[in-house]
Amino acid sequence: MHDQLLRAAKPSLAFAKLVATPTDTSWSQAYNAGSLFACLSLTKNRSADDEETSHLVSLHATGKELLNILESEFFTLEEKNINTVKKAIETSLEHVPPTISVNLSMALFKDTVLTVFIAGEGKIIMKRGGKIGTLLQGSGEEKDILCASGVLSNNDTILLETGQFAHDIADETITSALDLALPNDIAEALSPQIHEQDDGGQAAVIIAYHGITHEANKESETLADAIADGSTKGAASFTANDFNSTSGNISIDYVNGQAASSTLKGFQDIQQTVAKGN
């Protein structure tokens, strides 16, 4: 099964989502469309100047509008590179009222390349083999959208986290959960930790990557040798004096090949020749 996944013609992505119960002051959502994944949290600012208008703002409606705009901007891009995707994120954030703080962690998979983005607070980690590392982390103090890109390996596991999730869930808990192989199992292990916290801004997406890698492509370029046993397929070469080739089509060279006799060109069954000689 592992070898079949490694040699898959197209990569496959298995994923699971985690979202906390919303509160009056915080809301979150986990999003997926094709190879695009994101987790989003919205929090009402608690300054005294905002108290009079904060009740008029719906976090749910604002979040849905943000995701709709992001989806519209992203999927109409002719070329999806770091700069164009960052612009799509910026456009979606323009519609959020100043009384709301936004945390967005996003990942885009394209063939064997992963590109990740963070706006506001958030964290994106990866497990590769037995090692876990942080790909990108935003503190919320950065004015620009953070981004990073790199080549995937088979069986990589990526965890997108909102800022609230990163603050509330201990690193040891995440490390223990990532010992599990399937995203759904990882989500089940982390779910009780989310619901222990009274924070509606917690959200995460777990994504497991299976598919083609540069190593797999390199292996597929090397074929084993063919064997003349009627069944073993593989790479073969042909003796120049006995065969012709035209546009990849191989044929017997009757003119220059082994002679059947001193006067006849071609090939003859040796057993028949011996029988006639007797």
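Predicted model only: the values in this text are computed from it and were never measured.

1. Comments concerning the packing of aromatic side chains
- Inspection of every chain in the model, using the stated rule, returns 3 aromatic pairs.
- Relative to Phe75, the ring of Phe74 has its centre 4.9 Å away and its plane inclined at 90 degrees; by these criteria the two rings are edge-to-face.
- A relative accessible area of 2% places Phe74 in the buried class.
- Taken together, the ring pairs in this structure connect Phe15, Phe37 and Phe109 into an aromatic cluster.
- For the cation-ring pair, Lys80 lies above Phe74, with the distance from its terminal atom to the ring centre recorded as 5.2 Å.

2. Details of a nonpolar patch on the surface
- Taken together, Phe243, Ile250 and Ile252 make up a surface patch of nonpolar side chains, about 210 Å² in accessible area.
- Mapped onto the elements of the fold, Phe243 is located in strand E11 (residues 243–246).

3. Some remarks on the nonpolar core
- Ranked by internal contacts, the top residues of the largest apolar core, which has 24 residues, are Leu40, Leu42, Val85, Ile89 and Met106.
- Of all the secondary-structure elements, those providing two or more residues to this core are strand E2 (26–33), strand E3 (36–44), helix H3 (59–75), helix H4 (82–93), strand E4 (100–110) and strand E5 (113–119).
- Excluding anything up to four places from it in sequence, Leu40 contacts Trp27, Ser28, Gln29, Gly63, Leu66, Leu67, Val102, Asn103, Leu104, Thr162 and Ala203.
- Formed by 18 residues, the second largest nonpolar core is a distinct cluster that contains Cys39, Ala107, Met126 and Leu160.

About the cut-offs
Residues numbered from 1 in each chain as written. Predicted model: local features only at pLDDT ≥ 70, side-chain atom pairs only at ≥ 80, totals over all residues. Heavy atoms only, no water. Phe/Tyr/Trp six-rings, centres within 6.5 Å; stacked < 30°, edge-to-face > 60°. Buried < 20%, exposed > 50% of the residue type's maximum accessible area, 1.4 Å probe, protein only. Lys NZ or Arg CZ within 6 Å of the ring centre and 35° of its normal. Patch = residues over 30% accessible without salt bridge, like charges linked within 9 Å, V, L, I, M, F, W, Y side chains within 5 Å. Areas by Shrake-Rupley, 256 points an atom, 1.4 Å probe, with all protein chains shown as cover. Salt bridge = Lys/Arg side-chain N within 4 Å of Asp/Glu carboxyl O. Helix = DSSP H or I, 4+ residues; strand = E, 2+ residues; numbered from the N terminus. Core = buried A, V, L, I, M, F, W, Y, C linked by side-chain atoms within 4.5 Å. Contact = heavy atoms within 4.5 Å.

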